[in-house]
Amino acid sequence: MKKTLLSLSISALLLSPAVFAKDFILTDVADNTEVANWKVTSDELGLKDAPAFTVTKKTLHGGKQEGSTLITIDAKDLQVSLIPTRGMDIYEIKSGDVRYGWKSPVDEIVNPAYMNLEMRNGLGWLDGFNEMMVRCGYEWTGHPGEENGKLMSLHGRAGNTPASKVTVSIDETAPYAIHVKGLVKENTFKLSALETWTQLTVVPGQKSVKVHDELTNNSDYDRDYQIIYHSNFGAPVLEEGAKFVAPVKEISPFNDYAKKGLQDWQTYLGPTKGYDEMVFNLIPYADKDGMTTAMLHNKAADKGIAISYDTKQLPALTLWKNTDTLKQGYVTGIEPGTSYAYPRQIEREQGRVKTLPPLGRQAFDLEYRVMTTTEEVSSVQKEIDTITADQKTKVTTKPIAKE
Amino acid sequence: MKKTLLSLSISALLLSPAVFAKDFILTDVADNTEVANWKVTSDELGLKDAPAFTVTKKTLHGGKQEGSTLITIDAKDLQVSLIPTRGMDIYEIKSGDVRYGWKSPVDEIVNPAYMNLEMRNGLGWLDGFNEMMVRCGYEWTGHPGEENGKLMSLHGRAGNTPASKVTVSIDETAPYAIHVKGLVKENTFKLSALETWTQLTVVPGQKSVKVHDELTNNSDYDRDYQIIYHSNFGAPVLEEGAKFVAPVKEISPFNDYAKKGLQDWQTYLGPTKGYDEMVFNLIPYADKDGMTTAMLHNKAADKGIAISYDTKQLPALTLWKNTDTLKQGYVTGIEPGTSYAYPRQIEREQGRVKTLPPLGRQAFDLEYRVMTTTEEVSSVQKEIDTITADQKTKVTTKPIAKE
Amino acid sequence: MKKTLLSLSISALLLSPAVFAKDFILTDVADNTEVANWKVTSDELGLKDAPAFTVTKKTLHGGKQEGSTLITIDAKDLQVSLIPTRGMDIYEIKSGDVRYGWKSPVDEIVNPAYMNLEMRNGLGWLDGFNEMMVRCGYEWTGHPGEENGKLMSLHGRAGNTPASKVTVSIDETAPYAIHVKGLVKENTFKLSALETWTQLTVVPGQKSVKVHDELTNNSDYDRDYQIIYHSNFGAPVLEEGAKFVAPVKEISPFNDYAKKGLQDWQTYLGPTKGYDEMVFNLIPYADKDGMTTAMLHNKAADKGIAISYDTKQLPALTLWKNTDTLKQGYVTGIEPGTSYAYPRQIEREQGRVKTLPPLGRQAFDLEYRVMTTTEEVSSVQKEIDTITADQKTKVTTKPIAKE
């Protein structure tokens, strides 16, 4: 029983002065390990020549969060929390006094044991949705729909799958990058053998969180996959007059309701009763390597968050404007993906469902940068302007599909 | 990690002789607290001038009750157990050698982690049903039905929702009333933000359990609610010749099958193979404040249980006669509610689905009194007679709705 | 709280030199007991006049196996593991360097708390399927289907039900047979009161695992039941040229796809891409007591496993050939049952759904023998030949039913 194991590996480490950085295994089904509570600091590791940091894991208690786990990296100018029991989703990022994430009516970090994704005709996912970033995939994603008589519930399973192996690794040399890796398995006899090694990296002192995921099709057959990196931000960055900035090549409304939002799709309303949500399907311009950047910044342009990613991996970009009231969950989603949010059957018809061959792998790389000054926002604005250059945005007023 | 925390607050308390009563937090998601096992006694608290009591919390193990919790108040002439992990439902009351509750084939206190409410086309709730009182609501209640293509499963979610905050409070002055409060959240992004603070109160020395619940619509939109306080009693109070007594203004059969039960709806059969269940829809008379009382007593009228409640809060009363065999679950339900047990769509058509405005609150007050002598039963009978006065019961032989 | 209880009963035992064997209670909902980790050895018990053994229980951690439990008997020439939290299913048997069981893409022992059996229109069971033997029953079994508007999900609930009482008993006299008993309840108010006392027995030194299950209908009504002992084996016994040997009276293909497999139904292919599965419905010959034996052996006929069972209890035998690729789950199932794998409605139409009267009991007896030498395989072959005598196999080329 390793459930209550104290971190013996650290103690052992400290006896050995030459070792100054290390891998820590926090979860491992193969070794029957789940460390309930754990902490390591740069001090304990003897890392003096770089900004200090702490990495903590705790197990949560009470209500529907009983048994959930949370890992927090607390470094200079940046704190980030992720949820091993929910597919390594990112719960929130903080920098200074700014929180990047949002306030959902779902205010607990729900243990998937209490979830029923097929509830309400496939909307069960909404009972647990409150993360800054949820992996919506990989076997399927999008709005609920049926294929071959089987319900594909909203946004897939990965975000409600407890990780099977979780490690924290710290580089041996300055600046001592911290990597949290987690293995998320979507394994079903006959039907699915998609396994994703997720990785989140923070370099102490940098205001950036990097995600590098590797999806593998462990089966001997071609297997479809879909993924949306559902990245969500509310106040204080989101506010009346906040702006979405990206090098947009094409935009179209997700449905008829979003048509009227085309006129001011780049700016946000404050919390607006009755707004519900408007969704737009975007294709961004990218640089010569296929990289692009999208940003949300507040009205004063002195706070923001940027997502940079590889459009070759994630060609579709969904912009989800859910500027309803605060209590309803005032939030916008910037969602790079292989697909838009239509049910899988529609995505398939339109050619956006991808396929991995046997043992095929696909990486997904994203970087979240937080900006807390005018200069930082302005700098990202320039990056985006450079990608856009003088290229136009093609606005299509008719939705590309009907649900 | 506070999971195994001993009750430090008590120890601290005892050092301070002036303090003699206290709040204890047993569950709190906001503070990551879930006390696994705990106990406090009136002796430890130095309360000598009133009947002695003990309050205990334990975590259950084995089978499908793994991880369930149970709080028991043991006071003079009354013991009551409630289930924080199942919406603060009341499991049973005992007084002397009489148990108030029933024997269900479901003989474990099921952790909702093992439940699937949508199973069997919405009858999953039956896999956990064995409580003396279950809160059937609040987002919906009643028999399974579909609204807008979404299945509303039998009797809603509250009774299968683990409480997010649980406290035990003991009054500072005699008679030292004991209050167990629990917060039950039905929160779903976009769809529901109903939160209920439940409260159960026992005054040591009194044979009464008071329930005071406050439902709040935490959303910014009007939200429907329904609630049935599904209160269930089997042997020994229920027996052949046992009686249901209430000031009944109107009664009608729930369905065609119950029609033939109208002739003797006030008395009960012994365990009867093939009886299944007969359900009746009642409207009770009330006193000038809207309060009414319904009672079940045994044949000899020397054991009984009374439920007094506010008909302005809970206008509908369902009488559920399930006098099937003992092993099948010989039980009757006395069920004050806002609704009868029809699917939500029918309740809506008939105008019984209530609505709360944004931040609207609704209280529900019920008192369960246990009677273990002829005098006690007789006294309640007089109360009911006083409410009835000379008013007649209107018997309608046709069901008001068809499922 | 008995969750972390050390095995006090052992210590007490050792003080009493006269006592040399014992019952150990590892799970008991009635006594709120769930021993998380436990071990007993023949040495501790002072049993010197027979082969040594160890019995261990551990609680598993990480991923979807968090909270699962595993009991392992390690005796001379035989190790067997079973899963209390999954209906006492047998995970695997090992003898020497041979493992009996299979490699499923589902590589964790999934806690039923993470399961949703109704997922994918009733195929949720596939998310947890990796056992050497799963009890598919008892309320229903077979492929998903609807009866009276209710989905009967694939292969029932028993295999995903945590046992409510688990004991390890060791005989008081040599050869000190070890019995692991577990109570699996399928209890649902009004609908089901089927309880099964499972028992697995190992005699140290023997290469055999006996199963003796007793199903009781605890209700006062006739209740249907179905059971398939889904027994599954992959490499190394299963390989190209491996053989299925049984005294087969009748065989027919489960569906049209299996028709073409009739020509070589007794031999196996190696891992074969695109094979998927072929299923055959068999009726075996039996000896005068109704006992029969089926065997799988490898190509060289020096490794095998035999299942002997009572055809009066289990008249139907399903042969499931799933010789798809290794990663897809290369496996064959030898599945004695009351039913074939058609949905319950079809099984009912064809008269194979059994009924138990009130308090009726039905025992099921099976023995798994592992063979690791040519002589052992040859000996079982002779047993089977004796049952077959000169009787023919009737091959029916048309499936008996259409799904």
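That block above? That's the structure.
Now for a look at the structure at hand. (Residues numbered from 1 in each chain as written. Chains lettered and ligands numbered in written order. Predicted model: local features only at pLDDT ≥ 70, side-chain atom pairs only at ≥ 80, totals over all residues. Heavy atoms only, no water.)

### Concerning the packing of aromatic side chains
Aromatic ring pairs: the centre-centre distance and the angle between the two ring planes describe each pair.
Point 1. Enumeration according to the criterion identifies 36 aromatic pairs over all chains in this entry.
Point 2. Considering the side-chain rings of B:F129 and C:F189, the 5.3 Å spacing of their centres and the 85 degrees angle between planes classify their relative orientation as edge-to-face. Note that B:F129 is positioned in the loop between α2 (119-122) and β9 (133-138) and C:F189 in the loop between β13 (178-188) and β14 (192-202), a pairing that runs across two chains.
Point 3. A relative accessible area of 2% places B:F129 in the buried class.
Point 4. Residue class for C:F189 comes out buried when judged on its relative accessible area of 1%. (Phe/Tyr/Trp six-rings, centres within 6.5 Å; stacked < 30°, edge-to-face > 60°. Helix = DSSP H or I, 4+ residues; strand = E, 2+ residues; numbered from the N terminus. Buried < 20%, exposed > 50% of the residue type's maximum accessible area, 1.4 Å probe, protein only.)

### Some details on the pairing of strand β12 (residues 165-170) of chain B
All names here are of chain B.
Point 1. Counting buried positions over the six residues of β12 gives five, a clear majority of the element.
Point 2. Sheet topology note: the β12/strand β13 (residues 178-188) ladder contains six bridges and is antiparallel. Looking across to β13, one finds that I170 is bridged to I178. (Pairing = 2+ DSSP bridges.)

### Brief notes about the interface of chain C and chain A
By a widespread convention, an interface's size corresponds to the accessible area lost as its parts come together.
Point 1. Across the boundary between the two partners, chain C contributes 42 residues, which contact 36 residues of chain A.
Point 2. Taken together, both faces of the contact between chain C and chain A bury some 3000 Å²; the carbon and sulfur share is 52%.
Point 3. At the surface where chain C touches chain A, the tally comes to six salt bridges.
Point 4. A salt bridge links A:R157 to C:D127; the nearest nitrogen and oxygen atoms lie 3.2 Å apart.
Point 5. One can count 25 residue pairs in polar contact (both at pLDDT 80 or more) joining chain C with chain A.
Point 6. Considering each element in turn, the side of chain C that touches chain A owes the most residues, four residues, to helix α3 (residues 326-329) of chain C.
Point 7. Here the side of chain C that touches chain A is built from residues that sort into 14 nonpolar, 15 polar and 13 charged. (Contact = heavy atoms within 4.5 Å. Buried area = accessible area lost by both parts, 1.4 Å probe. Salt bridge = Lys/Arg side-chain N within 4 Å of Asp/Glu carboxyl O. Polar contact = N/O pair within 3.5 Å; in protein donor to acceptor, adjacent residues only side chain to side chain. Nonpolar A, V, L, I, M, F, W, Y, C, P; charged D, E, K, R; others polar.)

### What to know about the relation of the copies chain C and chain A
Point 1. For the pair chain C and chain A, the superposition axis carries a translation of 0.0 Å, the fit reaches an RMSD of 0.0 Å, and the rotation angle comes to 120 degrees. Those values place the two copies in the arrangement expected of a three-fold rotation axis. Taking C-alpha positions as reference, the residue of chain C nearest the rotation axis is C:A113, located at 3.0 Å.
Point 2. Of all interface residues in chain C, a mere 7% are interface residues in chain A too; the two copies therefore contact each other through different surfaces. (Least-squares fit on C-alpha atoms with pLDDT ≥ 70 in both.)

### Here we look at the sheet that holds strand β21 (residues 304-310) of chain B
Residue and element names in this part refer to chain B.
Point 1. Spatially, the ten strands line up as an open sheet ordered β2-β1-β12-β13-β14-β15-β25-β21-β20-β17, and their pairing is antiparallel. This sheet does not close on itself; its edge strands, each paired only once, are β2 (33-34) and β17 (243-245).
Point 2. Pairing geometry for strand β1 (residues 23-28) and β12, over five bridges, is antiparallel. Of the residues in β12, the one forming a bridge with T27 is V166.
Point 3. Strands β17, β20 (291-297), β21 and β25 (361-371) of the sheet are contacted by helix α6 (residues 374-388), whose axis makes an angle of about 140 degrees with β20. (Axes fitted to C-alpha atoms, helices over the stretch in contact; angles between N-to-C directions.)

### Overview of empty space enclosed by the protein
Point 1. Here the structure, examined in full by the defined rule, presents seven cavities of 30 Å³ or more.
Point 2. The computed volume of the largest cavity comes to approximately 570 Å³.
Point 3. Broken down by class, the residue content of the lining of the largest cavity amounts to 15 nonpolar, eight polar and eight charged.
Point 4. Approximately 280 Å³ is the volume found for the second largest cavity.
Point 5. Looking at the second largest cavity, it is lined by 18 residues, and the ones nearest its centre are A:L117, A:R157, A:N160, C:Y114 and C:M119.
Point 6. Class assignment for the residues of the lining of the second largest cavity results in eight nonpolar, four polar and six charged. (1 Å grid on protein atoms, 1.4 Å probe; cavity = no way out; pocket = protein on both sides within 12 Å on 5 of 7 lines; lining within 4 Å. Points joined across faces, edges and corners; volume = space filled by probe spheres on them.)

### Focus: the side chain of A:E66
Residue and element names in this part refer to chain A.
Point 1. Inspection of the secondary structure assignment puts E66 in the loop between β4 (53-59) and β5 (69-75).
Point 2. E66 gets classed as buried once you look at its relative accessible area, which sits at 17%.
Point 3. Only 2.9 Å separates the side chain of E66 from the backbone nitrogen of G62, close enough to count as a polar contact.

### Some words on the pattern of salt bridges
Point 1. One pass over the structure, following the stated rule, counts 78 salt bridges over all chains.
Point 2. Between B:R369 and B:E383 there is a salt bridge, and its shortest N-O distance comes to 2.7 Å. Remark: B:E383 occurs in helix α6 and B:R369 occurs in strand β25; sequence separation between them is 14 residues.
Point 3. Here C:E147 ties to C:R344 by a salt bridge, and the two come within 2.9 Å at their closest N and O atoms. Taken together, the residues C:E147 in strand β10 (residues 145-147) and C:R344 in helix α4 (residues 344-349) connect sequence positions 197 residues apart. The two residues C:E147 and C:R344 agree in class, both being buried.

### Regarding helix α5 (residues 374-388) of chain C
All names here are of chain C.
Point 1. With 15 residues, α5 should cover 21 Å at 1.5 Å per step; its first-to-last C-alpha distance of 21 Å lies within 8% of that length.
Point 2. Within the sequence span of α5, burial applies to V377, V380, I384, I387 and T388. All buried residues of α5 project into a common sector of 100 degrees when viewed along the axis, lining one side. Looking at α5, the residues exposed on the side facing more than 90 degrees away from the buried face are E375, K382 and T386.
Point 3. Lining the buried residues of α5 we find β17 (243-245), β20 (291-297), β21 (304-310) and β25 (361-371).
Point 4. Looking one or two residues past α5, A389 carries a phi angle of roughly 50 degrees, positive in sign. (Expected span 1.5 Å × (residues − 1). Arc of directions from axis to C-beta.)

### What about the relation of the copies chain A and chain B?
Point 1. Superposing chain A onto chain B takes a rotation of 120 degrees combined with a translation of 0.0 Å along the rotation axis, leaving an RMSD of 0.0 Å.
Point 2. When the interface residues of chain A are mapped onto chain B, a mere 7% of them again fall at the interface, so the copies present different faces.

### Here we look at the environment of B:I170
Residue and element names in this part refer to chain B.
Point 1. One can find I170 in strand β12.
Point 2. Judged by relative accessible area, I170 falls into the buried class, the value being 5%.
Point 3. Here the alpha-carbon distance between I170 and V180, two residues ten residues apart in the chain, equals 8.8 Å.

### Considering the nonpolar core
Point 1. Judged by nonpolar contacts, the single largest core of 78 residues is most densely connected at A:W125, B:W125 and C:W125.
Point 2. At the level of elements, β9 (133-138) and β22 (316-322) of chain A, β9 and β22 (316-322) of chain B together with β9 (133-138) and β22 (316-322) of chain C are the ones that each hand at least two residues to this core.
Point 3. Residues within four places of C:W125 in sequence aside, it is in contact with C:M115, C:L117, C:V134, C:C136, C:L154, C:H155, C:G156, C:N160 and C:H230. (Core = buried A, V, L, I, M, F, W, Y, C linked by side-chain atoms within 4.5 Å.)

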